[in-house]
2 protein chains.
Amino acid sequence: MRILLTNDDGIHALGLCALYEALREEHEVHVVAPEAERSAVGHAITLADPLRARPIKRNGRPFGWAVSGTPADCVKLAVHELLPGPPDLVLSGINLGANVGINVLYSGTVSAATEAAILGLRAAAFSLDTYQDPDFCFAARFAADLVHWITVLPGPGAFALNVNIPALPPNRIRGLRLTRQGTARFVERFDRRTDPRGNVYYWQAGETLAETEPEDVDSRALRDGYISITPLQFELTHHAFLSMMQIPDYTW
Amino acid sequence: MRILLTNDDGIHALGLCALYEALREEHEVHVVAPEAERSAVGHAITLADPLRARPIKRNGRPFGWAVSGTPADCVKLAVHELLPGPPDLVLSGINLGANVGINVLYSGTVSAATEAAILGLRAAAFSLDTYQDPDFCFAARFAADLVHWITVLPGPGAFALNVNIPALPPNRIRGLRLTRQGTARFVERFDRRTDPRGNVYYWQAGETLAETEPEDVDSRALRDGYISITPLQFELTHHAFLSMMQIPDYTW
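Just so you know, these numbers come straight off a predicted model, no measurement behind them.

1. A few points about the nonpolar core
Counting residues in hydrophobic clusters, the biggest one holds 68 residues, and the most contacted among them are Val32 of chain A together with Val32 of chain B. The set of elements that each furnish at least two residues to this core consists of helix 2 (71-82), helix 3 (108-118) and strand 6 (122-129) of chain A together with helix 2 (71-82), helix 3 (108-118) and strand 6 (122-129) of chain B. Excluding anything up to four places from it in sequence, Val32 of chain A contacts Leu4, Leu5, Thr6, Trp65, Val67, Cys74, Ala78, Leu82 and Leu83 of chain A.

Okay, here's the thing in structure tokens:
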């Protein structure tokens, strides 16, 4: 299969390389990824600046394209310009850190998969639930093994799956859960500092609020030691609220 | 009321100034907006760089804060650091150009409102359906008039409304429609060029595909000459697909 591989941690990230190695024997893999880290860029695209794509080698062999834009830009540019034909599948990751709950909205990794679905393709985003000493070995093998399941999955022609993998030794992972997006969110805190010239600046910091969530929610599955798989869509309408709203009485 | 006003076209954009002027007599308005245009940034937030907030004057009077980040950053920083207390309402815009269909995902204007809803606030994003010779006069008055309706609206405590206004003379606007997000999307085209040094670069261009959409869809309402109001949420789970999925049979 022809697979487009991208991420938001940048083309040199370990998680992407691990997934590439797990896929390349069996598939025609095309890497098109941001030239540097583009975490938390959400579904940004680049319209006001031109995009550049630079061929990258690894160990003396062609490896992929480093793009000056966002993960969503990478998917668009790959599909329209860089690949020899449409990919059968788009994979994003493996991200350093989980993408669950509200944080999914900020995730470049997930947005790459969503962008692929918008373009009519099947896609999956993979994230490993750790920021420290990541071992992508099992996650990469699991992702590569999931490729067949994704391509034969009964369902819409195009979709995006958000897959989160616990950072546990394989024998301690308890299984897989199909989940919905939860409400766990990044609770920000601004660290106010003054630079040597006397100007104020802020670091956006904080932590993800650990809430008690039902078993069918993404963050809870991870905490329980399960791999979480959430199918995503891209319609944001609040249907329940819409059905009870009344048209404002306005005259002009 | 204490109103936080932001946008994605930048603090000096005409649409923001028009809305500010329409609100400032009746309300305590705090402007916290990107220092420059941040269109199509989606729900990006800034974590890898510090944020700066610079006080801005207009006509010699304090006007607001210009922030070095994205619209979502502006809302977070405003609520946590810059405002004297939590705002009663967050308004975003008035954007130059409609935000309907799939394009809503790319919109910084809409993401500012969604971010406010995530923070537990009521919010609305306003967009004017034109890129040429914008006349924000009616749209700003309409937005200011809608403030009362938004604050007394029965419904969830926090929400985000996506409001799109036709660029028509008021007497040709046919009314208001409550709508859902449609599938109109930006169909990109990459314009491949070579710079004076011989390096290839791409401009991302394209146009929004005009589809035949039902009357209750955002883009159709605009085309029919109606103001479109869509309530948004931020759960991306594809529930219909989830309910028919089977857990992959995987052993390790």
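2. Here's the deal with the relation of the copies chain B and chain A
Two copies of the chain are present, and they differ by a rotation about an axis and a shift along that axis. You can overlay chain B on chain A at an RMSD of 0.0 Å; the transform is a turn of 180° with a shift of 0.0 Å along its axis. Within this description, the copies of the chain are treated as partners about a two-fold rotation axis. With an isologous cut-off of 70% or more, the 100% of interface residues of chain B that recur at the interface of chain A puts this contact in the isologous class.

3. Quick look at the pattern of salt bridges
Tallied over the entire structure, the rule returns 24 salt bridges over all chains. For Asp224 of chain A, the salt bridge identified is with Arg177 of chain A, shortest N-O distance 3.2 Å. Taken together, the positions of Asp224 of chain A in the loop between helix 5 (218-223) and strand 11 (226-232) and Arg177 of chain A in strand 8 (residues 175-178) put the pair 47 residues apart, joining distant regions of the chain. This pair shows no difference in class: Asp224 of chain A is buried, exactly as Arg177 of chain A is. Of the charged contacts, one joins Asp216 of chain A and Arg180 of chain A as a salt bridge, the two residues approaching to 2.9 Å between their closest N and O atoms. Highlighted residues: Asp216 of chain A in the loop between strand 10 (200-208) and helix 5 and Arg180 of chain A in the loop between strand 8 and strand 9 (186-194), separated in sequence by 36 residues. The exposure class of Arg180 of chain A is partly exposed, given its relative accessible area of 24%. Look at the salt bridges and you will find they share partners, linking Lys76 and Glu115 of chain A together with Arg185 and Glu188 of chain B into a network.

4. With respect to the packing of helix 2 of chain B against helix 3 of chain B
All names here are of chain B. At a minimum axis distance of 7 Å, the contact between helix 2 and helix 3 shows a crossing angle of 30°. In terms of orientation, helix 2 lies roughly parallel with respect to helix 3. For the pair helix 2 and helix 3, the sense of crossing is right-handed. Contacts from Pro71, Ala72, Val75 and Lys76 in helix 2 reach Gly108, Ala112, Glu115 and Ala116 in helix 3. When its residues are assigned to classes, the contact of helix 2 with helix 3 shows 5 nonpolar, 1 polar and 2 charged.

5. With respect to the interface of chain B and chain A
Facing the 81 residues of chain B at the interface are 81 residues of chain A. Here chain B meets chain A over a buried area of about 7600 Å², counting both sides, of which 68% is carbon and sulfur. When the buried area of chain B at its contact with chain A is split by residue, Tyr202, Leu236 and Trp252 of chain B rank highest and sum to 10% of it. Inspection of the chain B/chain A interface yields 4 salt bridges. Across the pair Glu188 of chain A and Lys76 of chain B runs a salt bridge whose closest N-O atoms are separated by 2.7 Å. Inspection of the region where chain B meets chain A yields 28 residue pairs in polar contact (both at pLDDT 80 or more).

6. Notes on the UniProt feature "domain: Survival protein SurE-like phosphatase/nucleotidase" (unreviewed entry) in chain A
Residues annotated in UniProt with the feature "domain: Survival protein SurE-like phosphatase/nucleotidase" (unreviewed entry) correspond here to residues 3-186 of chain A. Taken end to end, residues 3-186 of chain A is 27% helix and 29% strand, and its two terminal C-alpha atoms sit 32 Å from one another.

7. Describing the packing of aromatic side chains
For the structure on display, the rule yields 12 aromatic pairs over all chains. A ring pair is formed by Tyr201 of chain A and Trp203 of chain A, whose centres lie 6.4 Å apart and whose planes are at 80°; its orientation type is edge-to-face. The exposure class assigned to Trp203 of chain A is partly exposed, which follows from its relative accessible area of 27%. Taken together, Phe138 and Phe142 of chain A together with Tyr250 of chain B form an aromatic cluster joined through their ring pairs. Taking NZ or CZ as reference, Arg58 of chain A lies 4.9 Å from the ring centre of Phe63 of chain A, over its face.

8. So, the pairing of strand 5 (residues 89-96) of chain B
Residues and elements named next belong to chain B. Most of strand 5 is tucked away, with 7 of its 8 residues classed as buried. Across 4 bridges, strand 1 (residues 2-6) lies against strand 5 in parallel orientation. Across the sheet, the residue bridging to Leu4 is Val90, located in strand 5. Here strand 5 runs beside strand 6; their pairing, made up of 5 bridges, is parallel. When the bridges of strand 6 are listed, Asn95 appears paired with Ser127. Following the chain from strand 5 across helix 3 to the adjacent parallel strand 6, one finds a crossover that is right-handed.

Cut-offs and rules
Residues numbered from 1 in each chain as written. Chains lettered and ligands numbered in written order. Predicted model: local features only at pLDDT ≥ 70, side-chain atom pairs only at ≥ 80, totals over all residues. Heavy atoms only, no water. Core = buried A, V, L, I, M, F, W, Y, C linked by side-chain atoms within 4.5 Å. Buried < 20%, exposed > 50% of the residue type's maximum accessible area, 1.4 Å probe, protein only. Helix = DSSP H or I, 4+ residues; strand = E, 2+ residues; numbered from the N terminus. Contact = heavy atoms within 4.5 Å. Least-squares fit on C-alpha atoms with pLDDT ≥ 70 in both. Salt bridge = Lys/Arg side-chain N within 4 Å of Asp/Glu carboxyl O. Axes fitted to C-alpha atoms, helices over the stretch in contact; angles between N-to-C directions. Parallel < 35°, antiparallel > 145°, perpendicular 65-115°, else oblique. Left-handed = near helix turned anticlockwise from the far one by under 90°. Nonpolar A, V, L, I, M, F, W, Y, C, P; charged D, E, K, R; others polar. Buried area = accessible area lost by both parts, 1.4 Å probe. Polar contact = N/O pair within 3.5 Å; in protein donor to acceptor, adjacent residues only side chain to side chain. UniProt positions renumbered as here; feature names shortened; annotations may be inferred. Phe/Tyr/Trp six-rings, centres within 6.5 Å; stacked < 30°, edge-to-face > 60°. Lys NZ or Arg CZ within 6 Å of the ring centre and 35° of its normal. Pairing = 2+ DSSP bridges. Right-handed = clockwise from strand over helix to strand, strands pointing away.

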